[in-house]
Amino acid sequence: MSTSAGVPPATPQDLELEQPSTGRQLLGFNILWGIVGGAAGYALGHWLGTRIGNHIHAQMATDQDDIANLLGLLLATVGWLIGLGFFNYPVGRMLGRPATLREREEHGPWRYFRLCTDHKVVAIQYFVAVLFFFFVGGLNAMFIRGELTSSNATFIQPGNYLTLVGLHGTMMLMMMSAGVLGPLGNYLVPLMIGARRMAFPRVEALTLWLTVLAGFILLSAILMGGFATGWTGYAPLADQARGGMDAYIVSFALIGISLALVGLNIIATVMTLRAPGMVWNRLPIFVWGLVTTSILAVLAAPVLLAALFMTALDRTVDTSFFVSSGGGSPFLWDNLFWFFGHPEVYILALPGFGIVLEILPVFARKPLWGYRVAVSGMFGVALLSFMVWQHHLFVSGINANLRPFYMFTTELISIPTGIIFLIAMGTLWRARIRYTVPMLFSLAFFFNFLIGGVSGVYLSDVPSDVTTHGSFFVMAHFHYTIMGGLVFALMAGIYYWLPKMTGFKLNETLGKVHFWMMFVFFNLTFFPLFIVGLRGMPRRVTAYDPSLHGLNVFVSISAFCLGASMLVLLANLVWSLILKREQAGANPWHSKSLEWQLPSPVPVYNFERIPVINAAPYGYGLPDAPPVADFVGPRVPVGEGGTT
Amino acid sequence: MEATRIPEPSEPRHAIRIVGIWAGLTVICVPLVIFVLGPHIPPGHASQQSSDQHQINVVLTTLATPIVLMVWVYFGYAITVFRQAGETIVDGPPIDGNARIQLTWLSVTSAIVLGLAVYGTIDLFSASAAGAGGGQGPNPLAKPANVGSALEVQVIGQQWLWTFRYPGYGGVETATLALPVNREIAIHVTSLDVAHSFWAYELGVKADAIPGSDNVVYVKPEQIRSFQVRCAELCGLWHGHMNTTGRVLSQPDFGSWIAQQEQQYAAVTKQLPPYSHVYYPSPLRRAP
């Protein structure tokens, strides 16, 4: 790879990393200037939009400044990216500066607050951002459960309540889609395949800063009057909704772009940057999980973008994509949204499969049982997820004669997901299980996901779905798969890989307290909601039948305790990473996987020499298993601009 | 899983133990599910459709029981018996797959899934028409036998209330829903503004109300009783309050009720737009 600095240093030790002074850092492109640029862009866009809008509103008698909102948010995005320095490189190239693969490397804490193209830094930025928005989304849920402690009183105004419901759903969907791909994907994919970077380091940084901005834009919906549509944004309610809908459109679109780019980046990385010897059937199962997820993200997210664009046009210039009286159809949104939305559900499931199947062999001290079957199971899930979207519309009257087809394809998905269970069961057979915190979370994943999966069968069966559709049963079902599945897997991943990312151990006792609180109260929160739904309580309501009051109060109390368990996680992070630091060492779990053969935290250049891979990382119990990789290959030059 | 390795003499027969525990629990739990839990499973017996849906739910729960138990027993057994005490790290036997078990698992899950899909499809289109309670658009396939003589009732959703029209009775529009018992009813659901969903919980009826769309369901009430009507699709501010109580009346009671409604609303009926399966209100404007 070409470098900007002439002859590259021969070894990493020769690589002197720049650490500019604080003054220069403050003046350079960073998050502060991003905020300034965003604010300026918003002001400009809003002013421009008001000018245009005043003219159009006079003709169309609409009474909202959607054009101003949308233009403001779009220009805010541009300003944010300018302030962060994303345009420096393309502009520099136009001015004839040399091509580089990455931005200049730096040391020190400042790099976390600016555009940085080190995949490990981006991953940690992602981790902090996603965790922050995850807590915000969780806080919304606490308010929702607070309102539902009464069957008819309104502690929260209905408009605000629905905004909270929408914010919770959208925030969680957005952030959890990025939640594994971003932090763990960006950190681990290069380390697991023996590479020094992602394929497109600048794109990688771009996806992060778009995600951060998307989260804040979504929150800004509160200031614009909220939106009453939930995360599904159904038309024509979305056409009718207040200005907060514009924030929903822009933030979801930014996440859509970000997801598609993350996916492309991961696919390109795995295709092109695998170390010698990292053949496809040695690829860690976690990487397979991310590859299948990435395929879904790349194919599904553009459909969402198209749908959001139509909503934006419907709202601003009265096109009638979704308005029946104008020749459009609400079903168009339903089709487009769920064509994205169902693969999205598996964007939220497959990384979880990857994490738990990666962790099980380490603590079972056995090879992953049925590796190839596991990979094909993941591909099966990915393929089928594009063929089921109309099961969200079983009672809507759309293509009612296709219901048997969607019932069949939906039920087919239980075959590849069943495979994941088989793999876990095979791996645990006569194992030597150690109950570390990551292992506990991984095992809980299977407990929860089983309940989520079995409840899905009721939803897939059309006559049964007549009762459960749109009720709390659905809500409990997808919380069992997404929270009980993905979030538990993410927690397993955090406890498992954070020592690698930070170099410090997480406190085991606090981790176990966190696990048991989260596991017990998760089940106490969501299992009763199956019953609540079966007894006739629709989703997203502020009032419900008084006979369900007792169950709802029980659920709310459990939910508050579940929320408290997240504070234990936070306490553990503060305690272990800041207050009582304890060195983790290179390989605290005695894993055979490639990333654990490196020092913790991983040095800037990852591998001093590009490793030569000898075996799959699951050779536990084989006395004559070769080391997973040889680190004695030829030295590859390490350079600041072009470290490969 | 012993195919690749002969068990050591000290190794207990895990597989037999697991199957034994599972079989025992299944024998205990399946009758409990059918006879104790079963009668309480929704949606009850208020209509032909809900009875049939109830039966499907009982069948699904009964089928799910051994599967859930199998996974739980296996995991429970594995995490108790295959644990490694203390700090020492010992590797397990390097078994990395077994084609026979994988094939068996795939065949069994495929068979279950195919069975479920066939069962669901047959039930959807069966003569008792369990699936008829779910909204099936303007041209329904799942129809009850004597659909020709069905009573047509229109359900109109708007923010945030339900109204009901009876085209067989001069197109009268009522604020409450009453249906005659033991008669096929064709419910046509539509909306004037945003998407709603008409959910008559006890009757086993749910159909989205979409503006510009005629969504038909069939129901045959079999008990004289009241039932809840709720909105099951988010429709804006007072979505949670979009409830009413419907009634199933005896046929003579229904006759006198509808005659009384016709008379009471005669003046209003004249002002209404002519009965239609869809209505196109003036283009949407936003709430101020």
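Residues numbered from 1 in each chain as written. Chains lettered and ligands numbered in written order. Predicted model: local features only at pLDDT ≥ 70, side-chain atom pairs only at ≥ 80, totals over all residues.

Please set out the overall build of chain B residue by residue, giving values where relevant.
Of regular secondary structure, chain B possesses five helices and ten strands. Taking 19 Å as the expected radius of gyration for a compact globule of 288 residues, we find that chain B reaches 27 Å, considerably beyond that expectation. With respect to the principal axes defined by its C-alpha atoms, chain B has extents near 90 × 45 × 30 Å. Once local pairs closer than 6 in sequence are excluded, the contacts in chain B between residues at least 24 apart make up 70%. (Helix = DSSP H or I, 4+ residues; strand = E, 2+ residues; numbered from the N terminus. Rg over C-alpha atoms; globule rule 2.2 N^0.38 Å. Contact = placed C-beta atoms within 7 Å.)

Lay out the overall build of chain A with the relevant residues and their values.
Across its full length, chain A holds 20 helices and two strands. Against the 2.2 N^0.38 benchmark of 26 Å for 644 residues, chain A shows a C-alpha radius of gyration of 25 Å, consistent with a compact globule. Seen through its C-alpha atoms, chain A measures out along the principal axes to roughly 70 × 65 × 50 Å. Relative to its 644 residues, chain A shows a buried fraction of 62%. Looking at chain A alone, contacts between residues at least 24 apart form 81% of all its contacts between residues at least 6 apart. (Buried ≥ 20, exposed ≤ 12 C-beta atoms within 10 Å, placed from the backbone.)

Any chance you could break down the interface of chain B and chain A for me, citing the residues and the numbers?
The interface is formed by 81 residues belonging to chain B together with 83 residues belonging to chain A. At the level of secondary structure, the elements contributing two or more residues to the side of chain B that touches chain A comprise helix 2 (48-81), helix 3 (99-124), strand 6 (196-200), strand 7 (205-209) and strand 9 (226-231) of chain B. It is helix 2 of chain B that contributes the most residues to the side of chain B that touches chain A, twelve residues altogether. By residue class, the composition of the side of chain B that touches chain A is 45 nonpolar, 26 polar and ten charged. (Nonpolar A, V, L, I, M, F, W, Y, C, P; charged D, E, K, R; others polar.)

Describe the domain arrangement of chain B, with residues and values.
All names here are of chain B. For chain B, the assigned domains are domain 1 (14-82 + 104-124) and domain 2 (141-271). Placing a centre on the C-alpha atoms of domain 1 and another on those of domain 2 gives a separation of 36 Å. On the domain 2 side, the residues contacting the ten residues of domain 1 number 13 residues. The residue inventory of the side of domain 1 that touches domain 2, partitioned by class, reads three nonpolar, seven polar and no charged. (Domains from an automatic or database assignment.)

Quick one: what's the story with the sheet that holds strand 6 of chain B, residue by residue and with numbers?
Remark on secondary structure: sheet strands pair via backbone hydrogen bonds, oriented parallel or antiparallel. All names here are of chain B. Sheet architecture is open: five strands sit in the order 4-10-9-6-7, paired in mixed fashion. The sheet terminates laterally at strand 4 (178-180) and strand 7, the two strands that pair on one side only. Averaged over all neighbouring strand pairs, the angle between strand axes comes to 20°, with direction disregarded. Bridge count between strand 4 and strand 10 (residues 244-249): three bridges; the pairing is parallel. Bridged to Ala178 within strand 10 is Arg247. (Pairing = 2+ DSSP bridges. Axes fitted to C-alpha atoms, helices over the stretch in contact; angles between N-to-C directions.)

Summarise unusual backbone geometry; cite the residues concerned and give the values.
Residue and element names in this part refer to chain B. The linkage connecting Pro42 with the following residue, Pro43, adopts the cis geometry, with an omega of 0°. Relative to the helices and strands, Pro43 is located in the loop between helix 1 (14-37) and helix 2. For the bond running from Gln159 to Trp160, omega is -5°, close enough to zero to count as cis. Within the element layout of this structure, Trp160 appears in the loop between strand 1 (151-158) and strand 2 (161-166).

How would you explain the pairing of strand 8 (residues 215-219) of chain B if you had to name every residue and give the values?
Residues and elements named next belong to chain B. With five of five residues buried, strand 8 lies mostly within the body of the structure. Residues of strand 8 alternate between two faces, with Asn215, Val217 and Val219 on one and Val216 and Tyr218 on the opposite face, all of them buried. In this structure, strand 5 (residues 185-191) lies alongside strand 8, joined through five bridges in antiparallel fashion. Residue pairing in the sheet places Ile187 in a bridge with Val217 of strand 8.

For the sheet that holds strand 2 of chain B, give the residues involved together with the corresponding values.
Residues and elements named next belong to chain B. With mixed pairing, the five strands of this open sheet are ordered in space as 3-2-1-5-8. A strand with exactly one partner marks an edge of an open sheet, and here the two such strands are strand 3 (172-174) and strand 8. For this sheet, the mean inter-axis angle between neighbouring strands, taken without regard to orientation, is 25°. Examined bridge by bridge, strand 1 and strand 2 share five bridges and lie antiparallel to one another. Across the sheet, Gln154 pairs through a bridge with Arg165, a residue of strand 2.

Could you give an account of the packing of helix 1 of chain B against helix 2 of chain B, naming the residues involved and the relevant values?
All names here are of chain B. Remark: helix 1 packs on helix 2, axes separated minimally by 9 Å, with the N-to-C direction vectors making an angle of 145°. You can see that helix 1 and helix 2 cross each other, and the crossing is right-handed. When helix 1 is examined against helix 2, the residues His14, Arg17, Ile18, Ile21, Trp22, Leu25, Thr26, Cys29, Val30, Val33, Ile34 and Leu37 are found in contact with a partner set consisting of Val58, Thr61, Thr62, Thr65, Pro66, Leu69, Met70, Val73, Tyr74, Tyr77 and Val81. Taken together, the residues of the contact of helix 1 with helix 2 sort by class into 17 nonpolar, five polar and one charged. (Left-handed = near helix turned anticlockwise from the far one by under 90°.)

Explain the nonpolar core to me, using residue names and the numbers behind them.
Within the largest apolar cluster, 275 residues are counted, with the highest numbers of intra-cluster contacts made by Leu237, Val287, Ala374, Ile423, Phe441, Phe445 and Ala492 of chain A. Among the elements that line this core, the one with the most residues is helix 18 (residues 472-502) of chain A, at 22 residues. Among the domains, domain 1 (14-82 + 104-124) and domain 2 (141-271) of chain B are the pair contributing at least three residues each to this core. Contacts of Phe441 of chain A, omitting those with residues within four sequence positions, involve Phe488, Met491, Ala492, Tyr495 and Phe515 of chain A. (Core = buried A, V, L, I, M, F, W, Y, C linked by C-beta atoms within 7 Å.)

Run through the environment of Met518 of chain A, naming residues and quoting values.
All names here are of chain A. With respect to the helices and strands, the residue Met518 is situated in helix 19 (residues 508-534). Considering only alpha carbons, one finds Met518 and Gly563, 45 residues apart in sequence, at a separation of 8.3 Å. Dropping the residues within four chain positions of it, Met518 is found in contact with Leu562 and Ser565.

Explain the environment of Gly236 of chain B to me, and be specific about the residues and the numbers.
All names here are of chain B. Within the fold, Gly236 resides in the loop between strand 9 and strand 10. Its 21 C-beta neighbours within 10 Å are what place Gly236 among the buried residues. When the C-alpha atoms of Gly236 and Ile28 are compared, they prove to be 47 Å apart, with 208 residues separating the residues in sequence.

I'd love a proper account of the confidence of the model for chain B, names of residues and values included.
All names here are of chain B. In the predicted model, chain B carries a mean pLDDT of 89, and the fraction of residues at 70 or more is 92%. Across residues 284-288 the pLDDT falls below 50, and counting only partners more than four positions away or on other chains, this stretch makes eleven contacts in the model. Predicted complex, confidence summary: ipTM 0.92, pTM 0.93. (pLDDT = per-residue confidence, 0-100.)

Break down the pairing of strand 9 of chain B for me, citing the residues and quoting the values.
All names here are of chain B. In this sheet, strand 9 lies alongside strand 6 in antiparallel orientation, the contact comprising three bridges. Bridging from a neighbouring strand, Ala200 pairs with Val229 of strand 9. Here four bridges tie strand 9 to strand 10, and the two strands are oriented antiparallel to one another. By the bridge assignment for strand 10, Ser226 is matched with Arg247.

Quick one: what's the story with the packing of helix 15 (residues 414-428) of chain A against helix 16 (residues 437-460) of chain A, residue by residue and with numbers?
Residue and element names in this part refer to chain A. Across the interface, helix 15 lies against helix 16 with an axial gap of 12 Å and an inter-helix angle of 160°. With respect to helix 16, the element helix 15 is oriented roughly antiparallel. Of the two elements, helix 15 crosses helix 16, and the hand of that crossing is left-handed. Side by side, helix 15 and helix 16 meet where Ser414, Thr417, Phe421 and Ala424 of the first sit next to Phe446, Gly453 and Val457 of the second. Taken together, the residues of the contact of helix 15 with helix 16 sort by class into four nonpolar, three polar and no charged. (Parallel < 35°, antiparallel > 145°, perpendicular 65-115°, else oblique.)

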